Amino acid sequence: MVAGRYLVTGGAGFVGSHVVAALLDRGDEVVVLDSLSTGHRAAVLPGARLVVGDLADDELVEETLAGQPWDAVLHFAALSLVGESMADPFRYIGVNVGTGVRLIAACARHGVRRFVLSSTAALFGGGHSAPIDEDAACDPGSPYGESKAMLERALVWADRVYGLRSACLRYFNAAGADPAGRLGEDHTPETHLIPLVIDAALGRRAGLTVFGDDYPTPDGTCIRDYVHVSDLAAAHLAALTLLDRRSLRYNLGNGRGSSVREVIASVERVSGRKVPHHIAGRRSGDPPSLVAASGRIIAEAGWRPRHTALDDIVRTALDWRAAHPQGYRSSPSA
Ligand code: UFG
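Figured I'd write up the structure that's included with this text. (Residues numbered from 1 in each chain as written. Predicted model: local features only at pLDDT ≥ 70, side-chain atom pairs only at ≥ 80, totals over all residues. Heavy atoms only, no water.)

**Re the overall build of the chain**
In step 1: If you tally the helices and strands in the chain, you get 10 helices and 14 strands.
In step 2: Relative to a compact globule of 334 residues, whose C-alpha radius of gyration would be 20 Å, the chain shows 19 Å and is just as compact.
In step 3: Summarising its shape, the C-alpha atoms of the chain cover approximately 55 × 45 × 40 Å along the three principal directions.
In step 4: Considering the chain as a whole, with its 334 residues, one finds that 56% of them fall into the buried category. (Helix = DSSP H or I, 4+ residues; strand = E, 2+ residues; numbered from the N terminus. Rg over C-alpha atoms; globule rule 2.2 N^0.38 Å. Buried < 20%, exposed > 50% of the residue type's maximum accessible area, 1.4 Å probe, protein only.)

Listed below in structure tokens is the structure:
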């Protein structure tokens with residue numbers, strides 16, 4: 001594809017920043033719109049232009065979109081924690097759906113032809129014993145998942161009414177870090193399993209709390225499909241090539257589940273250190289098992305994850321966290 005021009009909301013966040021890197025690496029022009037409320041200035045690589053501002057600021061969104069033409073708008077900016085959404089459901093639904101729908105409408109007004117939504121495995125509730133494909137019933141187990149389901153539906157209407165083609169990319173558990181060491185995962189507070197297990201191994205926290213060991217899984221802990229964030233970034237580029245033809249919905253994972261206990265064992269193997277941990281009660285909203293069937297994007301777009309081994313994913317995350325003890329605050333441009 002020839003070099004293009006992309007607007008990336010939430011491009012200073014974990015997945016967004018890796019997608020920005022992939023676009024820059026192939027020579028595209030990128031504008032990032034991010035409030036930096038959870039994202040990091042240092043996560044926006046030099047080469048991209050950063051506009052600091054909130055998606056709730058309609059005027060700013062209008063002004064930014066007016067600087068077209070855009071080859072696509074990629075929308076990552078959102079509240080994204082399953083557990084937090086159970087505690088504050090209408091904030092999640094209100095913010096994610098409100099800002100998302102207004103952005104979609106603004107894109108339609110400005111004649112944007114292609115839109116990519118950062119969607120989620122949280123569209124699918126519990127009770128899946130086999131890998132989940134795109135035909136599985138959408139039955140969100142949390143308000144977070146519900147907010148993304150609503151945006152996916154809004155995009156169906158944007159396509160039918162305005163011809164705005166969209167790719168809804170349902171990430172399973174994004175993990176790892178840029179293998180070149182430029183970017184990593186840094187949330188405050190951190191709630192994601194792999195960075196927490198790594199920090200416990202590195203002695204940066206007292207230990208890990210395992211949320212429940214009484215799930216109907218082989219070892220009793222929850223199973224997730226950890227997929228490398230750079231593989232997710234590559235999936236965005238692959239999906240963009242197909243978007244001129246029609247709208248797309250893809251489930252993105254490795255097709256292999258790992259339990260919380262298996263993640264702990266992997267971090268122990270890769271780091272050579274013990275991970276102190278204890279078992280506590282379940283975390284509200286957590287489905288027992290979420291594993292992707294990604295055959296559709298493999299067949300249609302030729303995407304294939306490269307970092308399929310859990311230890312490989314963990315190693316890239318460990319390398320970045322070891323080199324950045326304060327996360328992006330350890331970066332010179334932070
Ligand atoms: N877990 C623990 N202890 C912790 C943190 C997590 O046992 O301290 C467990 C959770 O209970 C869960 C698993 O580790 O079973 C993974 O939890 P994460 O918080 O890392 O990830 P989630 O599966 O809750 O959610 C992530 C993203 C969502 C996305 C979802 C898709 O945060 O945005 O993956 O599966 F929707």
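**Describing the packing of aromatic side chains**
In step 1: Tallying each qualifying case throughout the model produces three aromatic pairs.
In step 2: Considering the side-chain rings of Tyr-92 and Tyr-144, the 6.4 Å spacing of their centres and the 85° angle between planes classify their relative orientation as edge-to-face. One end of the pair, Tyr-92, is in helix H4 (residues 89-109); the other, Tyr-144, is in helix H5 (residues 143-162), with 52 residues separating them in the sequence. Take Tyr-92 and Tyr-144: they sit in the same class, and that class is buried.
In step 3: Across the ring face of Trp-157, the terminal group of Arg-160 is positioned such that the distance to the ring centre comes to 4.5 Å. (Phe/Tyr/Trp six-rings, centres within 6.5 Å; stacked < 30°, edge-to-face > 60°. Lys NZ or Arg CZ within 6 Å of the ring centre and 35° of its normal.)

**Focus on H4**
In step 1: Its 21 residues place the ends of H4 30 Å apart at the C-alpha level, agreeing with the 30 Å of an ideal helix rising 1.5 Å per residue.
In step 2: Within H4, burial applies to Tyr-92, Ile-93, Asn-96, Val-97, Thr-99, Gly-100, Leu-103, Ile-104, Ala-106, Cys-107 and Ala-108.
In step 3: Here the buried face of H4 lies against strand E1 (5-9), helix H2 (58-66), strand E4 (72-75), helix H3 (82-87), strand E5 (114-120) and H5.
In step 4: Just beyond H4, the residue with positive phi is Gly-111, at close to 75°. (Expected span 1.5 Å × (residues − 1). Contact = heavy atoms within 4.5 Å.)

**Describing the site of the ligand**
In step 1: In the vicinity of the ligand, 23 residues are found, and the nearest of them are Thr-120, Asn-173, Thr-209, Arg-283 and Asp-286.
In step 2: Here an oxygen atom of the ligand and a backbone polar atom of Leu-193 are 2.8 Å apart.
In step 3: Side-chain polar atom of Arg-283 to an oxygen atom of the ligand: 2.7 Å apart, as the coordinates give it.
In step 4: Relative to its unbound accessible surface of 690 Å², the ligand loses 93% to contact with the protein.
In step 5: Those elements that provide at least two residues to the shell around the ligand are helix H6 (193-201) and strand E8 (208-211). (Near = heavy atom within 4 Å. Polar contact = N/O pair within 3.5 Å; in protein donor to acceptor, adjacent residues only side chain to side chain. Areas by Shrake-Rupley, 256 points an atom, 1.4 Å probe, with all protein chains shown as cover.)

**Some words on the environment of Leu-36**
In step 1: For Leu-36, the location among the structural elements is in the loop between strand E2 (29-34) and strand E3 (49-52).
In step 2: Residue Leu-36 is classed as partly exposed on the basis of its relative accessible area of 22%.
In step 3: The sequence separation of Leu-36 and Ala-106 amounts to 70 residues, and the corresponding C-alpha distance is 22 Å.
In step 4: Setting aside residues no more than four positions away along its own chain, Leu-36 makes contact with Ala-12, Arg-41, Leu-50 and Val-52.

**Some words on the sheet that holds E2**
In step 1: Strand order in the open sheet made by the seven strands is E3-E2-E1-E4-E5-E6-E11, with parallel pairing throughout. Strands at the two margins of the open sheet, each flanked by one partner only, are E3 and strand E11 (248-252). For this sheet, the mean angle separating the axes of adjacent strands, direction not counted, is 20°.
In step 2: Relative to strand E6 (residues 165-171), E5 is paired through seven bridges, and the arrangement is parallel. Bridging across to E6, Val-116 finds its partner in Ala-167. (Pairing = 2+ DSSP bridges. Axes fitted to C-alpha atoms, helices over the stretch in contact; angles between N-to-C directions.)

**Comments concerning the packing of H2 against H4**
In step 1: Taken N-terminus to C-terminus, the directions of H2 and H4 make an angle of 35°; their axes are 10 Å apart at the nearest point. Crossing of H2 against H4: the hand is right-handed. Across from Asp-58, Val-61, Glu-62 and Leu-65 in H2, the residues of H4 making contact are Arg-102, Leu-103, Ala-106, Cys-107 and Arg-109.
In step 2: Its residues assigned to classes, the contact of H2 with H4 shows five nonpolar, no polar and four charged. (Left-handed = near helix turned anticlockwise from the far one by under 90°. Nonpolar A, V, L, I, M, F, W, Y, C, P; charged D, E, K, R; others polar.)

**Describing a nonpolar patch on the surface**
In step 1: On the surface, Trp-157, Val-161 and Tyr-162 cluster together into a nonpolar patch covering about 360 Å² of accessible area.
In step 2: Here Val-161 lies in helix H5.
In step 3: Residue classification places Val-161 among the exposed residues on the basis of a relative accessible area of 53%. (Patch = residues over 30% accessible without salt bridge, like charges linked within 9 Å, V, L, I, M, F, W, Y side chains within 5 Å. Salt bridge = Lys/Arg side-chain N within 4 Å of Asp/Glu carboxyl O.)

**Thoughts on the pattern of salt bridges**
In step 1: Summed over all chains, the structure comprises 19 salt bridges.
In step 2: Among the salt bridges present, the one from Asp-213 reaches Arg-261, with a minimum N-O distance of 3.5 Å. In this pair, Asp-213 sits in the loop between E8 and strand E9 (223-224) while Arg-261 sits in helix H8 (residues 260-271), placing the two residues 48 residues apart along the sequence.
In step 3: With its nearest N and O atoms 3.0 Å apart, the salt bridge here joins Asp-214 to Arg-282.

**A short note on the pairing of E5**
In step 1: The buried fraction of E5 amounts to seven of the seven residues, a majority that puts the element mostly inside the structure.
In step 2: Burial along E5 is two-sided: Arg-114, Val-116, Ser-118 and Thr-120 and Phe-115, Leu-117 and Ser-119, pointing in opposite directions, are all buried.

**Points about the side chain of Asp-28**
In step 1: Summarising the element assignment, Asp-28 is placed in the loop between helix H1 (14-25) and E2.
In step 2: Within the structure, the side chain of Asp-28 is placed 2.4 Å from the side chain of Arg-26, a separation counted as a polar contact.

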